[in-house]
Amino acid sequence: MPLNATQSEYLEALRSGTMDTTSVLNELGQVDLAAYANANFRELLFAIDATNLLGGNEWVVTFAQNLVDHTGWLVGDALDPAAYAEIGQLHEEYGRGDYGIRVVLDLTEKATNRPNNHLSFVRRTIRESFRGIRPMSEQLLFTIKRYYESLSDRSLQDVQLLLHIQEETKGLDNAIGFDRFFAKHVEKAVRDDIGYGKGRVKALINTALLDSDEVTSAECLAIKLLKDSGVSLDADLLSRIDTSRDRLMGMY
Amino acid sequence: MGRQITNLDNRFSQADLWGNSFIVDLEWTLSDDLDLAALCISKEGNNNSLIYHGSVGKRAAPPYVHLAHESDGDGRMKLRREHLVITRSNANSAILVFVWDHAAVASGSWAEFLRKQGSYSISITDQRNHRIQLHPPVVAGNCLLVAQIRDSHVSSCGRATTVEEASHLSWHLADLAGVKAEIQPCR
């Protein structure tokens, strides 16, 4: 059910800053839990999320929990396939915000009986959130960390996702802590030699770092951690630390 | 160049954008090689730069433009896409967004896409995921200025800018001083 005229005006007022976000979210936080079973209410939440005004607010946790618990998407430990279709459609319609990612991760944790392609959906949801203009906010970093720390079986696709995020947030005002998070996971992925085929992850990271048109502090730190852990690295890669010495100063 | 920009102002309608980074999405159905480009006007006025497939800039040193060709997945390219990422637009006094037909510009001929209604669409998305669909007119030429992004004021919640949508402007690329000489062969 699409947003009605009042809701659309409401959304536009939030987006343009003529309506106070906190009071709107406070009001939405008081609605009856039965509202979460209503597709129109869910659409309103995702539409507000797409404005990036919801992610940094404390209400995001409550809205996500309520959505997961009261939509009917979870039947026991199984996830209704309709959830994928609806979330995908709302993201396509309005864009992606932190809340949508959080909902997907909450569903991942609660639904232990998931289709095989579930993690592909999660990765796609995260991946498409980063298109070059969205920095890694503190809240989003927390959420992304949660995804990586919850993985019992990391794959090459998760490393590729991390490289994508790093690439698409270059030059933006990323949260403090992202560099270290990126570097530590890259180093650990190589050290553990994850993925099918020996050395594949190292080759992937080596190529990504060498292809980088400009070295970021996150990449420098990753190279340094790899070097420190005794991983043999391409000479060109090592020289990047030397040429970026100024940027590295004060990092450690 | 400055005079031309001033002259353009009367021909635009305006819409608000939020933030200082934007994505311009271009989709087209013709087999022609269309390109997105951005002319970044520096605040000092003496360091303008053209960002396009031959000179994409750097992410960490704005302006930066990322051009990505995407197919529709079946390899037949029914729909072609290119997007341009503008970061930290507030480093410039204005950014002019263009779309041109590479071959038509190189040969000095008129481009088909500008004369064929519905053959392409172009939109700008801001940091609040607000997508503004631009509606370029059907005109004759081979290069179209589709939007002008210019800082208007700074607000406490971020940097507000305006996008001014071109209504009926088109001219041969040669009229853009110095630009044609920079065109390089397509990738």
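Please read all numbers here as calculations on a predicted model, not as lab measurements. (Residues numbered from 1 in each chain as written. Chains lettered and ligands numbered in written order. Predicted model: local features only at pLDDT ≥ 70, side-chain atom pairs only at ≥ 80, totals over all residues. Heavy atoms only, no water.)

**Focus: the overall build of chain A**
Okay, step 1: When you go through chain A residue by residue, the secondary structure sums to 14 helices and two strands.
Okay, step 2: Structurally, chain A occupies a C-alpha span of about 60 × 40 × 25 Å along its principal axes.
Okay, step 3: A burial count over chain A gives 52% of its 252 residues as buried.
Okay, step 4: In chain A, once contacts between residues fewer than 6 apart in sequence are set aside, the share between residues at least 24 apart is 74%.
Okay, step 5: Just so you have it, chain A exposes about 11900 Å², and 49% of that area is on carbon and sulfur atoms.
Okay, step 6: A gap of 8 Å separates the mean positions of the 27 positive and 38 negative side-chain charges of chain A. (Helix = DSSP H or I, 4+ residues; strand = E, 2+ residues; numbered from the N terminus. Buried < 20%, exposed > 50% of the residue type's maximum accessible area, 1.4 Å probe, protein only. Contact = heavy atoms within 4.5 Å. Areas by Shrake-Rupley, 256 points an atom, 1.4 Å probe, with all protein chains shown as cover. Lys, Arg positive; Asp, Glu negative; His and termini not counted. Charge placed at Lys NZ, Arg CZ, Asp CG, Glu CD.)

**Some points on the packing of helix H8 (residues 138–150) of chain A against helix H10 (residues 178–192) of chain A**
Residue and element names in this part refer to chain A.
Okay, step 1: The contact between H8 and H10 brings their axes to 11 Å, and the two run at 15°. Accordingly, the angle class assigned to the pair H8 and H10 is roughly parallel. Once H8 is placed against H10, the crossing between them reads as left-handed. Seen from H8, the contacting residues are Leu 141, Ile 144, Lys 145 and Tyr 148; seen from H10, they are Phe 178, Phe 181 and His 185. (Axes fitted to C-alpha atoms, helices over the stretch in contact; angles between N-to-C directions. Parallel < 35°, antiparallel > 145°, perpendicular 65-115°, else oblique. Left-handed = near helix turned anticlockwise from the far one by under 90°.)

**What about the side chain of A:Thr125?**
Residue and element names in this part refer to chain A.
Okay, step 1: Turning to its location among the elements, Thr 125 is positioned in helix H7 (residues 118–127).
Okay, step 2: Taking the relative accessible area as the measure of exposure, Thr 125 reaches 5% and is therefore buried.
Okay, step 3: Here the side chain of Thr 125 touches Phe 121 through a polar contact of 2.8 Å, landing on its backbone oxygen. (Polar contact = N/O pair within 3.5 Å; in protein donor to acceptor, adjacent residues only side chain to side chain.)

**Side note on the pairing of strand E9 (residues 92–101) of chain B**
On any regular strand, side chains alternate: one points to one face of the sheet, the next to the other face.
Residues and elements named next belong to chain B.
Okay, step 1: Judged by how many residues are buried, E9 sits mostly within the fold: nine of 10 residues are covered.
Okay, step 2: Two elements, strand E3 (residues 34–42) and E9, share nine bridges in a ladder whose sense is antiparallel. Each residue of the ladder has a partner; that of Leu 39, found in E9, is Leu 96. (Pairing = 2+ DSSP bridges.)

**Considerations on the packing of aromatic side chains**
Okay, step 1: This model, assessed by the stated rule, comprises 10 aromatic pairs over all chains.
Okay, step 2: Relative to A:Tyr99, the ring of A:Phe46 has its centre 5.5 Å away and its plane inclined at 65°; by these criteria the two rings are edge-to-face. One end of the pair, A:Phe46, is in helix H3 (residues 39–50); the other, A:Tyr99, is in helix H6 (residues 98–110), with 53 residues separating them in the sequence. By the burial criterion, A:Phe46 is buried, and A:Tyr99 matches it.
Okay, step 3: Put simply, the rings of A:Tyr147, A:Tyr148, A:Phe178, A:Phe181 and A:Phe182 pair up and form one aromatic cluster.
Okay, step 4: B:Arg128 extends its terminal NZ or CZ atom over the ring of B:Trp18, reaching a point 4.0 Å from the ring centre. (Phe/Tyr/Trp six-rings, centres within 6.5 Å; stacked < 30°, edge-to-face > 60°. Lys NZ or Arg CZ within 6 Å of the ring centre and 35° of its normal.)

**Some thoughts on H3(A)**
All names here are of chain A.
Okay, step 1: Taking 1.5 Å per residue, 12 residues should reach 16 Å; H3 reaches 16 Å between its end C-alpha atoms and fits that length.
Okay, step 2: The buried fraction of H3 is high, at 11 of 12 residues.
Okay, step 3: Regarding H3, the residues found buried are Asn 40, Phe 41, Arg 42, Glu 43, Leu 44, Leu 45, Phe 46, Ala 47, Ile 48, Asp 49 and Ala 50.
Okay, step 4: The opening residue of H3 is Asn 38, an N-cap whose side-chain oxygen sits 2.7 Å from the backbone nitrogen of Asn 40.
Okay, step 5: At the exit of H3 stands Asn 52, carrying a positive phi of roughly 65°. (Expected span 1.5 Å × (residues − 1).)

**Focus on the interface of chain B and chain A**
Okay, step 1: With 21 residues of chain B at the contact, the number on the chain A side is 23 residues.
Okay, step 2: Taken together, both faces of the contact between chain B and chain A bury some 1700 Å²; the carbon and sulfur share is 43%.
Okay, step 3: When the buried surface of chain B facing chain A is broken down by residue, B:Arg59, B:Arg128 and B:Asn129 rank first, second and third, together holding 42% of it.
Okay, step 4: For the pair chain B and chain A, the interface holds two salt bridges.
Okay, step 5: Taken together, the residues that form the side of chain B that touches chain A break down as six nonpolar, eight polar and seven charged. (Buried area = accessible area lost by both parts, 1.4 Å probe. Salt bridge = Lys/Arg side-chain N within 4 Å of Asp/Glu carboxyl O. Nonpolar A, V, L, I, M, F, W, Y, C, P; charged D, E, K, R; others polar.)

**Overview of unusual backbone geometry**
Okay, step 1: With a phi angle near 65°, A:Asn52 is a residue other than glycine that sits in the positive phi range.
Okay, step 2: Examined against the element boundaries, A:Asn52 turns out to sit in the loop between H3 and helix H4 (59–70).
Okay, step 3: Given a relative accessible area of 32%, A:Asn52 falls into the partly exposed group.
Okay, step 4: Positive phi, close to 50°, is recorded for B:Arg88, a residue that is not glycine.
Okay, step 5: With respect to the element layout, B:Arg88 can be found in the loop between strand E8 (80–86) and E9.
Okay, step 6: Assessed through its relative accessible area of 29%, B:Arg88 is described here as partly exposed.

**Quick word on the confidence of the model for chain B**
Residues and elements named next belong to chain B.
Okay, step 1: Across chain B, pLDDT averages 68, with 63% of residues at or above 70.
Okay, step 2: Looking across chain B, the model is least confident in helix H1 (residues 2–8), with a mean pLDDT of 24, and most confident in strand E2 (residues 22–28), with 89.
Okay, step 3: Predicted confidence for residues 1–12 stays below pLDDT 50, and this span has 24 contacts to residues more than four positions away or in other chains.
Okay, step 4: Here residues 152–187 is a poorly scored stretch, pLDDT under 50, and it has 121 contacts once near neighbours within four places are set aside; other chains count.
Okay, step 5: In the model output, the complex is listed with pTM 0.83 alongside ipTM 0.82. (pLDDT = per-residue confidence, 0-100.)

**Focus on the environment of A:Val190**
Residues and elements named next belong to chain A.
Okay, step 1: Along the chain, Val 190 falls in helix H10.
Okay, step 2: The sequence separation of Val 190 and Glu 27 amounts to 163 residues, and the corresponding C-alpha distance is 47 Å.
Okay, step 3: In contact with Val 190, not counting residues within four places along its chain, are Val 201, Lys 202, Ile 205, Leu 226 and Val 231.

**Re the pattern of salt bridges**
Note on pairing: side chains with opposite charge can pair once their charged atoms come close.
Okay, step 1: Counting across every chain of the model gives 18 salt bridges over all chains.
Okay, step 2: The salt bridge involving A:Asp173 is made with B:Arg88; its shortest N-O contact spans 3.2 Å. Remark: B:Arg88 occurs in the loop between E8 and E9 and A:Asp173 occurs in the loop between helix H9 (156–168) and H10; the pair is interchain, linking two chains.
Okay, step 3: With relative accessibility at 62%, the residue A:Asp173 sits in the exposed group.

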